Amino acid sequence: MTGGTRTLAEARGWARTGTRLVLDAVADLDEAGFRAAVVLPGWTRKHLAAHVAANADALGRLVHWAATGEETPMYASADERAAGIARGPDLSADELRDWLTASSRKLAAGLDGLTEKQWRAQVVTAQGRTVPASELPWMRSREVCVHAVDLGTGVSFADLPPGFLTALTDEISTGRRLDELPEGPPPEIAAWLAGRPHTLVDAPPLGPWL
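Treat the numbers as computed from the prediction; the structure is a model and nothing was measured.

A. Region of the structure containing the packing of helix H3 (residues 45-68) against helix H7 (residues 136-150). At a minimum axis separation of 11 Å, H3 and H7 run at an interaxial angle of 175°. Considered as vectors, H3 and H7 are oriented roughly antiparallel to each other. Mapping the contact onto sequence places Leu48, His51, Val52, Asn55, Ala56, Leu59, Leu62 and Val63 in H3 and Leu136, Met139, Arg140, Glu143, Val144, His147 and Asp150 in H7. Across the contact of H3 with H7, the residue classes break down as nine nonpolar, three polar and three charged.

B. Examining the pattern of salt bridges more closely. One pass over the full model with this rule turns up nine salt bridges. Salt-bridge contacts for Arg6 lead to Glu135; the nearest nitrogen and oxygen are separated by 3.0 Å. Separated by 129 residues along the polypeptide, Arg6 in the segment before helix H1 (8-26) and Glu135 in the loop between strand S2 (130-132) and H7 bring together distant segments of the chain. Classification of Arg6 as buried rests on a relative accessible area of 9%. Note that Arg196 is salt-bridged to Asp150, the shortest N-O span being 2.7 Å. On the criterion of sequence distance, the pair formed by Arg196 in the segment after helix H9 (186-193) and Asp150 in helix H7 is long-range, its members being 46 residues apart. Residue Arg196 shares its accessibility class with Asp150, and that shared class is buried. Residues participating in the shared-partner salt-bridge network are Arg6, Glu135, Arg142 and Glu171.

C. Region of interest: the nonpolar core. Ranked by internal contacts, the top residues of the largest apolar core, which has 47 residues, are Phe157, Leu160, Phe164 and Leu168. Those elements that place two or more of their residues in this core are H1, H3, helix H5 (93-112), H7, helix H8 (162-175) and H9. With near-sequence residues (within four places) excluded, Leu168 lies in contact with Trp138, Arg142, Val146, Phe157, Ala190 and Trp209. One finds Ala58, Leu114, Leu136 and Met139 within the second-largest nonpolar core, a separate group that totals 18 residues.

D. Seen up close, unusual backbone geometry. A positive phi angle, close to 55°, is found at Arg177, a residue other than glycine. Along the chain, Arg177 falls in the loop between H8 and H9. Arg177 sits in the exposed class, given a relative accessible area of 72%.

What counts and what doesn't
Residues numbered from 1 in each chain as written. Predicted model: local features only at pLDDT ≥ 70, side-chain atom pairs only at ≥ 80, totals over all residues. Heavy atoms only, no water. Axes fitted to C-alpha atoms, helices over the stretch in contact; angles between N-to-C directions. Helix = DSSP H or I, 4+ residues; strand = E, 2+ residues; numbered from the N terminus. Parallel < 35°, antiparallel > 145°, perpendicular 65-115°, else oblique. Contact = heavy atoms within 4.5 Å. Nonpolar A, V, L, I, M, F, W, Y, C, P; charged D, E, K, R; others polar. Salt bridge = Lys/Arg side-chain N within 4 Å of Asp/Glu carboxyl O. Buried < 20%, exposed > 50% of the residue type's maximum accessible area, 1.4 Å probe, protein only. Core = buried A, V, L, I, M, F, W, Y, C linked by side-chain atoms within 4.5 Å.

What follows is the structure, encoded as structure tokens:
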């Protein structure tokens, strides 16, 4: 189990789905399309694409940690994480697509290679949490599924797997210590919890998530 009721197999499936959505979303973007703003303040699609690609590289370092026992943090510093995002606008559309594709494939291959024992190996996230490597597919699924929507090319929370939406809603509502949720469709509730645009009526504003 990766936490709650989600299984490792489910999380890996959601990560694959989200990755496909991201890659499909950027497949036909030209330079102007990549320079368009997204819902994240101050970010363009170039910033967001670089963030998703750099996240795959960072999680790959945790996969290496789990596989070898060599401590390889996600990022050497907060500045390194910011630098990966800032790199986006300097890259061309094709360079960003290549980075997204290559980093995603490398991460998937690394995860495929983990043994049962290595899935249980403890690693440390960028937030300082110590977790088993079996948590990594869930971390990746959050990144790719939510950011596939953030890219603003037509993917919505309604396009994400129902099981993922349930797991995301459970995690965020627990983290935000919410006793009650507004009524509405599960995709809209997940969007509200994640601080994204939604259609819920009378749902109070929430602070930043992650």
